[in-house]
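Close look at the chain arrangement
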Amino acid sequence: MSDADLTSASSTVPDVGTGPTVVTVTREALKNALTVAAIGIDGGDDYKLGTHYVFRIVSGAVEVLAASTRVFASAMLEGATVTGSDVNFTLPGWRLRSWLDTAKEDTVKFEYANALVKLHSGSRKGNMASLDASQFPFWDQTLAGAKVTATVNAKTLFGGLDYAKRFVSTADTRTPNLCEVECRDGLLHATDVTAFSLVEVPGLTGMTIRINGKDVSAVNVFLSIVGDDPVEVLESDKCQFFRAGTRMVGVTRWLYPFPALKNNRDDAPKCAFTVKAQALRDAIAYVSTFAKKVDTSVYFSFDDDDALVVSVASASGSNERDSDVVPCLKTSTMEAFAEAGHKEFKLSSEHLVEVLSPYGDDADVDVGVFWSKKNGYIRVREVRDGIDYYTVIVWSK
């Protein structure tokens with residue numbers, strides 16, 4: 001981890017004791033702690049601190065930590081017993097996990113002295129080298145200065161972040177302010193220019209997290225481990241922490257504020273239609289087989305019966321569109337579309353698939369259609385499991 005604010009807090013525990021320090025713990029407890037801390041592991045190099053677990057022992061309590069460039073994680077080693085001095089030592093992540101997979105006994109033991117860790121599993125034992133744990137960027141002071149901005153069900157927050165990250169830009173150098181999920185006024189914001197998403201998760205009104213899109217998955221791994229239990233969100237000016245009991249994951253705060261985009265969630269569409277989610281997914285998949293590989297556009301139009309016609313430009317070179325028809329379950333003011341001089345509009349099939357992916361096979365999708373003199377967009381909005389999902393996809397030109 002390179003962020004200076006996280007290096008401001010260092011461990012007060014010496015890294016070399018006067019004699020061997022022995023940690024005894026169950027395999028299950030060790031596995032649980034490593035699963036959380038692994039979120040902060042970056043790669044499998046034996047000689048880089050970012051690829052190691054750090055074991056910190058203070059007054060008989062053992063904490064397992066790991067940190068990469070922007071992501072860090074920790075968990076207490078529950079039920080561990082310690083004899084010897086308070087020390088810090090490290091173990092290479094991939095080696096420790098591989099060793100644990102081969103350890104069949106219910107209880108395992110670490111014996112640390114002079115930068116060497118002896119691992120015991122029944123009658124078998126082996127040695128691993130510890131790196132200098134004093135160089136680890138402990139985040140104690142940063143966490144101490146962070147404030148709780150939300151307490152929310154982990155599964156619910158997972159759902160909101162998982163959806164929002166689908167529409168995050170990946171152009172870190174060109175548009176860094178779009179490469180994130182940011183919470184404002186209780187809404188998770190995300191956009192990649194083609195699509196704009198607002199996700200309202202209950203209980204986030206005080207939360208202001210700003211997470212790089214590439215780091216959202218790390219947070220969601222932690223939230224999936226926590227499951228239906230509550231998670232605390234703590235924020236400082238440079239970091240954000242997600243904590244459940246003695247387990248925690250943190251990510252550095254992305255530097256670039258999300259742009260001030262207009263929220264049109266409650267505007268009435270100029271026309272609207274409802275289709276079955278699976279029918280629309282099937283139609284997109286079907287017509288895409290006739291399009292050029294590099295062409296991810298689909299066209300939406302409406303026939304005389306106000307059914308939705310989904311079509312693509314044919315890769316065969318034919319002037320005739322390859323198409324499929326999706327029955328509309330209901331429509332509203334469809335005549336306004338033709339009266340405005342519109343015959344069809346083009347959308348990104350990739351973004352449509354992302355919007356449709358959470359819908360069940362028998363679910364209905366309500367689509368609002370908007371336009372102006374310059375362009376148009378569609379809006380899809382639904383409340384599922386208490387979360388309000390709102391997504392706009394701009395018409396392609």
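See the structure printed just above.
Structural notes, computed from the coordinates. On a predicted model such as this, the values are computed, not experimentally measured, just so you know.

Within a sheet, adjacent strands bond to each other through the backbone by hydrogen bonds, running parallel or antiparallel. Overall, antiparallel pairing links the nine strands, which are arranged S14-S11-S12-S13-S26-S25-S24-S18-S22 in an open sheet. On the outer flanks of this sheet lie strand S14 (210–212) and strand S22 (330–332), each paired with one strand and no other. Within this sheet the neighbouring strands show an average axis-to-axis angle of 20 degrees, counted without direction. Note that strand S12 (residues 187–191) and strand S13 (residues 195–200) share five bridges and pair antiparallel. Residue pairing for S13: Leu-187 is matched across the bridge by Glu-200. Packing against the sheet, helix H4 (residues 154–164) makes contact with strand S11 (180–184), S12, S13, strand S25 (376–384) and strand S26 (387–394), and its axis sits at approximately 0 degrees to S26. Those strands touched by helix H8 (residues 349–356) are S13, strand S24 (364–371), S25 and S26, and its axis lies near 170 degrees from that of S26.

For the rest of this paragraph, the subject is the environment of Gly-93. Turning to its location among the elements, Gly-93 is positioned in helix H2 (residues 93–102). Classification of Gly-93 by relative accessible area gives buried; the value is 0%. When the C-alpha atoms of Gly-93 and Val-216 are compared, they prove to be 22 Å apart, with 123 residues separating the residues in sequence. Those residues in contact with Gly-93 that sit more than four places away from it in its chain are Ile-41, Thr-51, His-52 and Tyr-53.

Phe-55, Phe-110, Leu-188 and Phe-242 are the most contacted members of the largest nonpolar core, which totals 101 residues. Among the nonpolar cores identified, the runner-up in size contains 14 residues, and Leu-49, Val-54, Leu-65 and Met-248 belong to it.

This paragraph deals with the packing of aromatic side chains. All chains considered together, the criterion is met by 20 aromatic pairs. On the numbers, 5.6 Å between centres and 70 degrees between planes, the contact of Phe-72 with Phe-241 is edge-to-face. On the criterion of sequence distance, the pair formed by Phe-72 in strand S4 (residues 71–76) and Phe-241 in strand S16 (residues 239–244) is long-range, its members being 169 residues apart. The same class applies to Phe-72 as to Phe-241, namely buried. A ring pair is formed by Phe-370 and Tyr-377, whose centres lie 4.7 Å apart and whose planes are at 10 degrees; its orientation type is stacked. Overall, the relative accessible area of 19% leaves Tyr-377 in the buried class. Following the ring pairs from residue to residue traces out a cluster consisting of Phe-273, Phe-300, Phe-302, Phe-337, Phe-345, Trp-371 and Trp-395.

Criteria and cut-off values
Residues numbered from 1 in each chain as written. Predicted model: local features only at pLDDT ≥ 70, side-chain atom pairs only at ≥ 80, totals over all residues. Heavy atoms only, no water. Pairing = 2+ DSSP bridges. Helix = DSSP H or I, 4+ residues; strand = E, 2+ residues; numbered from the N terminus. Axes fitted to C-alpha atoms, helices over the stretch in contact; angles between N-to-C directions. Contact = heavy atoms within 4.5 Å. Buried < 20%, exposed > 50% of the residue type's maximum accessible area, 1.4 Å probe, protein only. Core = buried A, V, L, I, M, F, W, Y, C linked by side-chain atoms within 4.5 Å. Phe/Tyr/Trp six-rings, centres within 6.5 Å; stacked < 30°, edge-to-face > 60°.

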